[in-house]
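Read off the chains here:
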Amino acid sequence: MSAPPDDRRLASALDDADRGAPAPPGSGPPSLAALERRGRLRQVRRGGGVIAIAATGLLWAVHLRSAAPEAVGPRVTVPTVSVSPVLALASRVQERAAEGAAREVRDLYVRAAGGSRAARGDLEWLASAYTVGDEAALARALLARLDAREADAHPRDGAGVDPTPEPMGRPR
Amino acid sequence: MIRPFILHAASGGSSRAEVRAEERQLFERRMGAEWARIARLAHRLSGWSLGPADADDIVQDVFLAAWQRRADHRGDASWSTWVHAIAVRTVGRAMRSRERRRRWFGRLLPGPELEAAGAADGPAPGDGAGAALRLAMGRLRHADREVLVLHYLEGAGTDEVAERLELTPEALRARLSRARRRLREVMGPEAAHDPARPAEDLP
């Protein structure tokens, strides 16, 4: 069964629009290890966020309870819990998430500096991924340091290098 | 039958570590082969409005989900089709979340014109009918754009799209009709060559 004429017209117009569209942005495929690492980072961050939200909710409930006990419901004994340890815990979880993520990035840097091409690839991918915020900034900084180290080890543009070409062999 | 990603150590006499390494390599090969196609699909489903950050985010989420759910892949669908289905769901979630954000914080976010134009970090959309149609697609709700992209751009038949979106064929046809009507409305009466307008409506 062929498509009705206006269906074909729409298909053709959408096809033209698609062909005229800019290419899909973004980077290419990362390694599976990098993909998994990103998944872990997001999970940890999300966990910290959930605790922070729960702690804020608890704080708000305790505040309501103390401000207007009748409005909140039947009178029950509210255990005397200070919310500050809960907030401190939430903050600590967030810090731990950030520390863990930073440690993973530094570990990549150390392996890349040791000559691991895979680690360098992962670091480059992380530096180009816009989604991981602080880790991406750290990865970019460490990548720049890595480049500077490599430039020191292999000077370019003739700096400090004898421009005389190597002899190609014994002349006949 | 050997399932695509669950390779049994007993079948080849390999160690568990070797099987796992082989499984990872196979996934990376398949991911490399499908990456560009899924990125293009996500770009189309978003109304060509994704910036590099969102595009990376979504495509990575698709493949992360595929890796985490690899045991669910049954041999009766090709891997490519299976990942395509994951991509449609993942992009759908991301776009609906963006629509919600726009509803709640609409005044603080860039409008669809700016997003579709990729004004933040992408190239300009250009002029002409194609650009107008892309802009109009970017203004549609995701549910409408999704059926138009899958049916007209991805070339899937109505039964296939209905199955992919878990709709009955009748519901899909109704949604397609509504999407075409909304596209017409978004393009406005000034669009003399409105491609979504049925031929009999044209002067």
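Details of the structure are given in the entry above.
**Comments concerning the interface of chain A and chain B**
- Between chain A and chain B, the residue contacts involve 33 residues of the former and 42 residues of the latter.
- Summing both sides of the interface, chain A and chain B together bury roughly 3,200 Å²; the carbon and sulfur share of this comes to 63%.
- Connecting chain A to chain B are 2 salt bridges.
- Residue Glu-36 of chain A is joined to Arg-24 of chain B by a salt bridge in which the shortest nitrogen-to-oxygen separation is 2.7 Å.
- Counting across the chain A and chain B interface gives 7 residue pairs in polar contact (both at pLDDT 80 or more).
- For the side of chain A that touches chain B, the secondary-structure elements that each account for two or more residues are helix H1 (5–20), helix H2 (32–67) and helix H5 (117–128) of chain A.
- The leading source of residues in the side of chain A that touches chain B is H1 of chain A, at 11 residues.
- A breakdown of the residues in the side of chain A that touches chain B according to their chemical character gives 17 nonpolar, 8 polar and 8 charged.

**Re the side chain of His-84 of chain B**
Residue and element names in this part refer to chain B.
- Turning to its location among the elements, His-84 is positioned in helix H4 (residues 79–105).
- Under the relative-accessibility criterion, His-84 is labelled buried at 8%.
- Within the structure, His-84 has its side chain in polar contact with the side chain of Arg-164 (distance 2.6 Å).
- Discounting residues that sit within four places of it in the chain, His-84 has contacts with Arg-37, Ile-38, Leu-41, Leu-150, Glu-154 and Arg-164.

**Regarding the nonpolar core**
- Phe-27, Phe-63, Val-83, Met-137, Leu-148 and Leu-183 of chain B are the most contacted members of the largest nonpolar core, which has 53 residues in total.
- Listed in part, the 14 residues of the second largest apolar core include Ala-34, Ala-112, Ala-127 and Ala-139 of chain A.

Thresholds applied
- Residues numbered from 1 in each chain as written.
- Chains lettered and ligands numbered in written order.
- Predicted model: local features only at pLDDT ≥ 70, side-chain atom pairs only at ≥ 80, totals over all residues.
- Heavy atoms only, no water.
- Contact = heavy atoms within 4.5 Å.
- Buried area = accessible area lost by both parts, 1.4 Å probe.
- Salt bridge = Lys/Arg side-chain N within 4 Å of Asp/Glu carboxyl O.
- Polar contact = N/O pair within 3.5 Å; in protein donor to acceptor, adjacent residues only side chain to side chain.
- Helix = DSSP H or I, 4+ residues; strand = E, 2+ residues; numbered from the N terminus.
- Nonpolar A, V, L, I, M, F, W, Y, C, P; charged D, E, K, R; others polar.
- Buried < 20%, exposed > 50% of the residue type's maximum accessible area, 1.4 Å probe, protein only.
- Core = buried A, V, L, I, M, F, W, Y, C linked by side-chain atoms within 4.5 Å.

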